[in-house]
Amino acid sequence: MDSTWNFLQWLGDDLSIKILTHLDDPSDLHRVCLVTSSWRQFVVENSLSKQLCLRLFPELSGAPHFIEVKGMIDTPTFGSSNVTKWESLKRVHRIYLLLAKSLYHIMRKDCISVAISASSTDNYPEESIDNTLKAGDRIQHRASYWSSLGSKDANAPETLTYEFVSNLCVVSEIHIQPFQAYFQYGFPIYSSRAVRFKMGHRESSLNSSTNISSDSESDNFIWTYVSPEFPMAQENTLQIFKLPEPVFCVGGILQVELLGRVQKQETDGLYYLCVSHVQAVGRPLLPGYDVDILDHSGKCVLKYFPESHHACSSCNEEIGHSHGGTSGSRLIGRGMQDWEQMVLNTLLGGDMLVEDDTDEESA
């Protein structure tokens, strides 16, 4: 029995777990596993990588089907053999550690990629929803904003629909800047009274053979998340709406609901809504990944496309060093240059990454 294991025995399981759960970087937990086989066994048996991942990204706990069922961690059914159970524990450890690593170093950013449609537009294309993708309310001395059609009804809602940069995004905040018409008398601000947000996926994503056009009248969406209503201030500022909990959006579609109108236009006496900028702040998963959505709830199977990601020489060394020459060489040859991208390949269980205990323990 090695002295390191005696050290953990001397501390006892509870105290050892308490100490190791204070680690907040997945790389640190990985280094713990490299010390000795007994330290690694302790980490694996107590699911410390899963605890770390869910502690760093609690929003993932809201989608257990994404990680544990459709990710094939808990399928197939395992027998009572100790060897089989140990292999299962190692696989869970590897997947959660890689998942935590892949998200840990991704900075929060605006996840919106393109504007899909607005429920109405006053003057197209001058006042198109595309203008809301640009920061600020002016571009080269020209006003930049989206405007709804005018309405006599102060309660008439409008919607703005966007697509994210990835079909998998963890979104924590939505930012909206109402537009102030600096070229009109009194400088009116055409904000809404309140906003609400929906996230989900296209209905057509459940059936790739369905032919659905991209205009708002015929494009059908399935919303897997609906936020509470947030009051909006009648101010020309980028207003931050923090969601009660970060939302794991499968399908990559966001709809902003603008509820109620507060400002009439003096020239025609109608109520308008105008927005100059919209952001959805969060973390997209790494490039090269996509999903097949299985049902209306957003459950999905993860897919990896190695040709869509470029090389990273520093990460090549990490792959070869941590996982042995055979697996590392095969993955590098397929273009998986960033070791963090092993996450979904492992989840799918297709071209499975083989974990070499000897290499990991002696590294």
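Cut-offs and rules
Once a new chain begins, its residue numbering starts again from 1 and follows that chain's sequence as written. Residues qualify for local features only when their pLDDT is at least 70, as the model is predicted, and side-chain atom pairs are given and counted only at 80 or more; totals for whole chains, interfaces and linings, by contrast, use all residues. With hydrogens and water excluded, all non-hydrogen atoms of the structure serve as input to the side-chain values. Definitions used throughout: a 1 Å grid over protein atoms alone; a cavity as a set of points that fits a 1.4 Å probe which cannot get out; a pocket as an open set with protein on both sides within 12 Å along at least five of seven lines; a lining residue as one with an atom within 4 Å of a point. Grid points are joined across faces, edges and corners, and a volume is the space filled by probe spheres set on the points. In this description a helix means any DSSP run of H or I spanning at least four residues, a strand means any run of E spanning at least two, and both kinds are numbered starting from the N terminus. Polarity classes work like this: nonpolar for Ala, Val, Leu, Ile, Met, Phe, Trp, Tyr, Cys and Pro, charged for Asp, Glu, Lys and Arg, and polar for all others, with Gly in that last group. Paired rings are identified among Phe, Tyr and Trp, the last through its six-membered ring, by centres lying within 6.5 Å, and are further divided according to the angle between planes into stacked (under 30 degrees), edge-to-face (over 60) and tilted (the rest). Partly exposed residues are those whose accessible area sits between 20% and 50% of the maximum for their type, while under 20% is buried and over 50% is exposed, using a 1.4 Å probe and protein chains only. DSSP bridges decide pairing: two strands pair if at least two such bridges lie between them. Confidence of the predictor at the level of single residues is captured by pLDDT, which takes values from 0 to 100. By definition, residues are in contact when any of their heavy atoms lie within 4.5 Å.

## Section: empty space enclosed by the protein
Step number 1: Scanning all chains against the criterion turns up two cavities of 30 Å³ or more.
Step number 2: Of the voids in this model, the second largest cavity is the one considered here, and its volume is about 30 Å³.
Step number 3: Taken together, Leu20, Thr21, Leu23, Leu29, Leu48, Leu52 and Arg55 form the lining of the second largest cavity.
Step number 4: Here the element with the most residues in the lining of the second largest cavity is helix H5 (residues 48–56); it accounts for three residues.
Step number 5: Its residues placed into classes, the lining of the second largest cavity shows five nonpolar, one polar and one charged.

## Things to note about the packing of aromatic side chains
Step number 1: If you walk through the whole model with that rule in mind, you get ten aromatic pairs.
Step number 2: Ring geometry for tyrosine 145 against phenylalanine 183: centres 6.3 Å apart, planes inclined by 35 degrees, an arrangement best described as tilted. Here tyrosine 145, found in the loop between strand E4 (142–143) and strand E5 (146–147), pairs with phenylalanine 183, found in the loop between strand E7 (168–178) and strand E8 (192–202); they are 38 residues apart in sequence, far enough to count as distant.
Step number 3: The exposure class assigned to tyrosine 145 is buried, which follows from its relative accessible area of 10%.
Step number 4: For the ring pair phenylalanine 197 and phenylalanine 230, a centre distance of 5.9 Å and an interplane angle of 40 degrees mean the geometry is tilted. On the criterion of sequence distance, the pair formed by phenylalanine 197 in strand E8 and phenylalanine 230 in strand E10 (residues 230–231) is long-range, its members being 33 residues apart.
Step number 5: Within the aromatic cluster, the residues linked to one another by ring pairs are Tyr145, Phe179, Tyr182 and Phe183.

## Here's the deal with unusual backbone geometry
Step number 1: The linkage connecting tyrosine 124 with the following residue, proline 125, adopts the cis geometry, with an omega of 5 degrees.
Step number 2: Its place among the elements puts proline 125 in the loop between strand E2 (112–118) and strand E3 (138–139).
Step number 3: Non-glycine residue serine 47 carries a positive phi angle of around 50 degrees.
Step number 4: Locating serine 47 in the fold gives a position in the loop between helix H4 (37–45) and H5.

## Quick notes on the pairing of E7
Step number 1: Burial within E7 is extensive, with eleven of its eleven residues counted as buried.
Step number 2: Across eight bridges, the pairing between E7 and strand E11 (residues 239–250) is antiparallel. Across the sheet, the residue bridging to histidine 175 is isoleucine 240, located in E11.
Step number 3: Of the pairings in the sheet, the one linking E7 to strand E13 (residues 274–284) comprises nine bridges and is antiparallel in character.

## Focus: the confidence of the model for the protein
Step number 1: Averaged over every residue, the pLDDT of the protein is 75; residues scoring 70 or more account for 66%.
Step number 2: Taken as a whole, residues 64–80 scores under 50 in pLDDT and shows 39 contacts with residues more than four places along the chain or in a different chain.
Step number 3: For residues 208–218, every residue scores under 50 in pLDDT, and the model assigns this stretch eleven contacts once sequence neighbours within four places are set aside.

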